[in-house]
Amino acid sequence: MPFTRITLRQGYSDAQITQISDILQQTLEDEFSVPPGDRFQVFEALPAKQRVFDRHYKSGGRSDNFIQFHILAGKPRTRAQKQNFCRVLCQRLQSALDIHPNDVMVMIQFNTADEWSFSQGQLLSEEA
């Protein structure tokens, strides 16, 4: 049940955004055991002036192609799962779209089923 907010530069085509979405989803399924169909993503394409980031902080150098993935996930994952997710996501983005790993930032947060309501005002923890 992850929800991901993807923030990137303006100018990506619809096809490229679809590719990023598909790569993210496949990586979540492969590395985080997310079920197929559990896809909740928001893309924010912002102009350069609304994206403020350090080009070198803990990176080999970020370009204008810098993308942030902020993932809110329901159940905790192991350190190995998080490491594998980040590595595989970077590899796939570079292979498919030539997005350099220096341009990929991932932030992962976890919460509980009491903090999700998918519809009808019912908490996920109430489903049984």
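Not measured: the values here are computed from a predicted model.

Conventions and cut-offs
Residues numbered from 1 in each chain as written. Predicted model: local features only at pLDDT ≥ 70, side-chain atom pairs only at ≥ 80, totals over all residues. Heavy atoms only, no water. Core = buried A, V, L, I, M, F, W, Y, C linked by side-chain atoms within 4.5 Å. Buried < 20%, exposed > 50% of the residue type's maximum accessible area, 1.4 Å probe, protein only. Helix = DSSP H or I, 4+ residues; strand = E, 2+ residues; numbered from the N terminus. Contact = heavy atoms within 4.5 Å. Salt bridge = Lys/Arg side-chain N within 4 Å of Asp/Glu carboxyl O. Patch = residues over 30% accessible without salt bridge, like charges linked within 9 Å, V, L, I, M, F, W, Y side chains within 5 Å. Areas by Shrake-Rupley, 256 points an atom, 1.4 Å probe, with all protein chains shown as cover. Lys, Arg positive; Asp, Glu negative; His and termini not counted. Charge placed at Lys NZ, Arg CZ, Asp CG, Glu CD. Phe/Tyr/Trp six-rings, centres within 6.5 Å; stacked < 30°, edge-to-face > 60°. Lys NZ or Arg CZ within 6 Å of the ring centre and 35° of its normal.

Ranked by internal contacts, the top residues of the largest apolar core, which has 20 residues, are Ile 20, Ile 67, Phe 69, Leu 93 and Ile 99. Residue assignment for this core shows that the elements contributing at least two residues are strand S1 (3-9), helix H1 (14-32), strand S3 (67-73) and helix H2 (79-97). Not counting chain neighbours up to four residues away, the residues in contact with Ile 20 comprise Leu 8, Tyr 12, Phe 43, Ile 67, Phe 69, Leu 93, Leu 97 and Ile 99.

A few words now on the pattern of salt bridges. On inspection of all chains with the given rule, the structure shows four salt bridges. The partner of Arg 39 in a salt bridge is Asp 22, and the shortest N-O contact between them spans 2.9 Å. Of this pair, Arg 39 sits in the loop between H1 and strand S2 (41-46) while Asp 22 sits in helix H1, and the two are 17 residues apart along the sequence. For Arg 39, a relative accessible area of 38% translates into the label partly exposed.

Attention now moves to a negative patch on the surface. A cluster of like negative charges, contributed by Asp 114, Glu 115, Glu 126 and Glu 127, occupies part of the molecular surface. Structurally, Glu 127 is set in the segment after strand S6 (122-123).

Secondary-structure assignment places Gly 11 in the loop between S1 and H1. Along the backbone, Gly 11 and Met 105 are 94 residues apart, and their C-alpha atoms lie at a distance of 19 Å.

Further remarks concern the packing of aromatic side chains. Summed over all chains, the structure comprises three aromatic pairs. Ring plane angle 35° and centroid distance 5.0 Å describe the contact between Phe 32 and Phe 85, whose orientation is recorded as tilted. Of this pair, Phe 32 sits in helix H1 while Phe 85 sits in helix H2, and the two are 53 residues apart along the sequence. The same class applies to Phe 32 and to Phe 85, which are both buried. Seen from their ring centres, Phe 40 and Phe 118 are 5.5 Å apart, and the 55° between their planes marks the pair as tilted. Residue Phe 40 is found in the loop between H1 and S2, and its partner Phe 118 is found in strand S5 (residues 117-119); the two are separated by 78 residues along the sequence. Looking at Phe 40, the relative accessible area reads 39%, which means it is partly exposed. Between Arg 9 and the ring centre of Tyr 12, over which it is positioned, the NZ or CZ distance is 4.1 Å.

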